[in-house]
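Structural overview
Here is how the chains run, residue by residue.
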Amino acid sequence: MKDTDFFDLVRWGEASTKLASKGFVVGKNEIMPIPLTELTGTILKQNPGY
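In what follows, the accompanying structure is described. All values reported here derive from a predicted model rather than from experimental measurement.

Turning our eyes to something else, we now look at the overall build of the protein chain. If you tally the helices and strands in the protein chain, you get three helices and zero strands. Relative to the compact-globule value of 10 Å for 50 residues, the protein chain shows a C-alpha radius of gyration of 14 Å, a clear excess of over 25%. Oriented by its inertia axes, the alpha-carbon framework of the protein chain measures out at about 40 × 20 × 15 Å. Here the protein chain, with 50 residues, has 14% of them falling under the buried criterion. Counted over contacts in the protein chain with a minimum sequence separation of 6, partners at least 24 positions apart contribute 5%. Put simply, the protein chain shows about 4,100 Å² of open surface, and 59% of that area lies on carbon and sulfur atoms. The positive charge centre, built from 6 side chains, and the negative charge centre, built from 6, are 5 Å apart in the protein chain.

Before going further, it helps to examine the packing of aromatic side chains. On inspection of all chains with the given rule, the structure shows two aromatic pairs. Look at Phe6 and Phe7: their rings are 5.2 Å apart centre to centre, the planes differ by 80 degrees, and that puts the pair in the edge-to-face class. Given a relative accessible area of 24%, Phe6 falls into the partly exposed group. Exposure remark for Phe7: the relative accessible area of 51% places this residue in the exposed category.

What follows covers the environment of Leu19. Position of Leu19 relative to the elements: it lies in the loop between helix H2 (15-18) and helix H3 (36-39). For Leu19, a relative accessible area of 15% translates into the label buried. As a C-alpha pair, Leu19 and Glu38 span 19 residues in sequence and 28 Å in three-dimensional space. Those residues in contact with Leu19 that sit more than four places away from it in its chain are Phe6, Leu9 and Phe24.

Cut-offs used in this document
- Residues numbered from 1 in each chain as written.
- Predicted model: local features only at pLDDT ≥ 70, side-chain atom pairs only at ≥ 80, totals over all residues.
- Heavy atoms only, no water.
- Helix = DSSP H or I, 4+ residues; strand = E, 2+ residues; numbered from the N terminus.
- Rg over C-alpha atoms; globule rule 2.2 N^0.38 Å.
- Buried < 20%, exposed > 50% of the residue type's maximum accessible area, 1.4 Å probe, protein only.
- Contact = heavy atoms within 4.5 Å.
- Areas by Shrake-Rupley, 256 points an atom, 1.4 Å probe, with all protein chains shown as cover.
- Lys, Arg positive; Asp, Glu negative; His and termini not counted.
- Charge placed at Lys NZ, Arg CZ, Asp CG, Glu CD.
- Phe/Tyr/Trp six-rings, centres within 6.5 Å; stacked < 30°, edge-to-face > 60°.

Structure, rendered in structure tokens:
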């Protein structure tokens with residue numbers, strides 16, 4: 001799998017097996033935290049686990 005990036009692995013459901021040795025945590029690392037500047041003054045809530 002040459003030139004495969006993180007988002008491809010997540011989309012294909014292969015991130016948990018291919019990235020487990022690098023600390024990938026299923027249920028947390030599929031999504032990214034929302035920056036604090038984006039949350040301030042809105043009704044948005046931080047993604048779970050962050």
